[in-house]
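Here are the chains, one letter per residue:
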Amino acid sequence: MNGIHDMGGLHGFGPVAVDPDEPVFTSRWGSRIFCMTQVIDSLGIWNLDEHRHEIELMAPEDYISHTYYGRWMFAMERILERRNILNREEVDRRTEEIAADRRKFTPLQPAGRNWPLAEGDKVPWGAWRKNEVVEPEFSEGQWVRVRNIHPPGHTRVTNYTRGKAGEVFRVNDQAWVFPDTRAHYRGENLQAVYTVRFDAQTLWGEEYAEPNSYVYIDLSENHLELMQED
Amino acid sequence: MGHNHAHPKKAWQAIRTEAIESLLNEINVLSSDDVDQVVRHYEENVGPRTGASVIARAWVDPGFKKRLLADGLAACEELGIGGPETELLHVVENTPAVHNVVVCTLCSCYPWPILGLPPAWYKSSAYRSRLVREPRKVLSELGVVLADEIEVRVWDSVSEIRYLVMPERPDNTEHLSESELIDLISRDHMIGVARTIELNGQEN
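I will try to describe carefully the structure that is included in this document. Remember, predicted model here, so these are calculated numbers, not experimental data.

**Considering the nonpolar core**
Here comes step 1: Residues Phe34 and Ile45 of chain A together with Leu24, Leu68 and Tyr127 of chain B are the most contacted members of the largest nonpolar core, which totals 122 residues.
Here comes step 2: Sorting elements by how many residues they give to this core places helix H4 (residues 67-82) of chain A first, with eight residues.
Here comes step 3: Among residues more than four places away in sequence, those in contact with isoleucine 45 of chain A are Ile40, Glu50, Leu80, Arg83, Ile85, Trp115, Leu117, Val123 and Tyr185 of chain A together with Val29 of chain B.

Okay, structure coming up:
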């Protein structure tokens, strides 16, 4: 989807602000959200592309203002609700009760909760299927063009490379899950990932590109097409 | 908006997080003890020193360096290093003619087991939007001024492949031990927003 998360090339965000004394976690709640997500990652509730896509579905103004772990909180809540594991009403109520410093919480209704997950309902994590083999379509040194596709769902094609031509620098010929379909449970579509080298002038135009600069980006085979040689 | 509500958003997120954690404990999705362990892992066990130990080993051991450049994660595993959020690792080498720098423009992909968690600036809109378009300008603002003759390579790591920059070993370090070399290498060198390696308290 063409969302605010696809930031490569945007103007207007100002200088990169560096805090040299930044701790590993800048807030306790951020550390809890991140580490709860790490634990849940291993439980088969969601896959990593689905989790990323959920973040992309945030309203753009929230994406910008809620900070990094705020996005993770949003994704966690939304997927847990969709899986019928924890619903928004329960979180809202518990939040209010904690804010009001209640000692006793309203009891939860256990009926109908999709937990624990049945073995068959668990989804695999990870992106490299090591026991599978794929046949890459392109090879190193070939020129490819990034397909001009604007899918409304999840994709790892960046806007700034769409339609642009680059050279295959490396073929990562492992069996990689295709995030664009896996995020929506439309199959893993295992395929090679290519590291494609783009000249800055191709990406940004002669007038504004910096000299002697290149961007290398990893793209799935389904994102690329071979350029016709003439 | 009164003085007693200076950070309403922060307070709201902290309370909501507490609510979620309390509920997830109650319905047995997770236990806070497990979460505590993960927090400790990221605060204490992993960090840029892990990556620095990989780079320093490559500097002193040409065989290891060759293996590292061929298959980063397999070489790291020789040193007992591995973990989530890194399935394949490519180490990219700085030379007098090339400077490498890493970003993820779509989220904030980063080699957690090798460098720990990324700093806030790596996840910032400014870094993610600008690095691919004007890397030299961003780098110069961060103190790395590159002559036009030096090729800049920006690695936009939007797939599940992760990147680590291998800085050049500085001259006059033959007498240093591996652990002294590790001390010279910072997180920023391995992301690529620093280039020169300072020899602390020594003539450069």
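That covers the picture; the talk isn't over yet.
**Considering the interface of chain A and chain B**
Here comes step 1: Contact residues are listed per partner, giving 83 residues for chain A and 77 residues for chain B.
Here comes step 2: Taken together, both faces of the contact between chain A and chain B bury some 7000 Å²; the carbon and sulfur share is 61%.
Here comes step 3: Among the residues chain A hides against chain B, the three largest losses belong to Val16, Arg32 and Glu210 of chain A. Together they make up 10% of the total.
Here comes step 4: Where glutamate 26 of chain B meets arginine 94 of chain A, a salt bridge forms, and the shortest distance between an N and an O atom there is 2.9 Å.
Here comes step 5: In this structure, the connection of chain A to chain B is made through 43 residue pairs in polar contact (both at pLDDT 80 or more).
Here comes step 6: Counting only elements with at least two residues in the side of chain A that touches chain B, the list comes to helix H1 (28-41), helix H2 (48-56), helix H3 (60-65), H4, helix H5 (88-99), strand E2 (165-176), strand E3 (191-199) and strand E4 (213-220) of chain A.
Here comes step 7: Taken together, the residues that form the side of chain A that touches chain B break down as 47 nonpolar, 20 polar and 16 charged.
Here comes step 8: Pairing analysis gives five bridges linking E4 of chain A to strand E3 (residues 151-156) of chain B, with the strands arranged parallel. Paired with serine 213 of chain A across the strands is valine 152 of chain B, a residue of E3 of chain B.

**Some thoughts on the side chain of glutamate 21 of chain B**
Here comes step 1: Within the secondary structure, glutamate 21 of chain B is located in helix H1 (residues 8-26).
Here comes step 2: Taking relative accessible area as the criterion, glutamate 21 of chain B reaches 8% and is therefore assigned buried.
Here comes step 3: Apart from the residues within four sequence positions on either side, glutamate 21 of chain B is in contact with Arg32 and Met36 of chain A together with Ser32 of chain B.

**Some thoughts on the environment of isoleucine 20 of chain B**
Here comes step 1: Its place among the elements puts isoleucine 20 of chain B in helix H1.
Here comes step 2: Along the backbone, isoleucine 20 of chain B and serine 177 of chain B are 157 residues apart, and their C-alpha atoms lie at a distance of 48 Å.
Here comes step 3: Not counting the four nearest positions on each side in its chain, isoleucine 20 of chain B is found in contact with Met36, Met73, Met76, Glu77 and Val91 of chain A.

**Re the sheet that holds strand E1 (residues 143-146) of chain A**
Here comes step 1: Spatial ordering of the open sheet is given by E5(A)-E1(A)-E2(A)-E3(A)-E4(A)-E3(B)-E2(B), a layout of seven strands whose pairing is mixed. For this open sheet the edge positions go to strand E5 (224-226) of chain A together with strand E2 (98-103) of chain B, each flanked by a neighbour on one side alone. Going across the sheet, the axis of each strand differs from the next one's by a mean of 35°, ignoring polarity.
Here comes step 2: Two strands pair when backbone bridges link them, and E2 of chain B and E3 of chain B are joined in this way by six bridges, in the parallel orientation. Bridging from a neighbouring strand, valine 102 of chain B pairs with tryptophan 155 of chain B of E3 of chain B.

Calculation notes
Residues numbered from 1 in each chain as written. Chains lettered and ligands numbered in written order. Predicted model: local features only at pLDDT ≥ 70, side-chain atom pairs only at ≥ 80, totals over all residues. Heavy atoms only, no water. Core = buried A, V, L, I, M, F, W, Y, C linked by side-chain atoms within 4.5 Å. Buried < 20%, exposed > 50% of the residue type's maximum accessible area, 1.4 Å probe, protein only. Helix = DSSP H or I, 4+ residues; strand = E, 2+ residues; numbered from the N terminus. Contact = heavy atoms within 4.5 Å. Buried area = accessible area lost by both parts, 1.4 Å probe. Salt bridge = Lys/Arg side-chain N within 4 Å of Asp/Glu carboxyl O. Polar contact = N/O pair within 3.5 Å; in protein donor to acceptor, adjacent residues only side chain to side chain. Nonpolar A, V, L, I, M, F, W, Y, C, P; charged D, E, K, R; others polar. Pairing = 2+ DSSP bridges. Axes fitted to C-alpha atoms, helices over the stretch in contact; angles between N-to-C directions.

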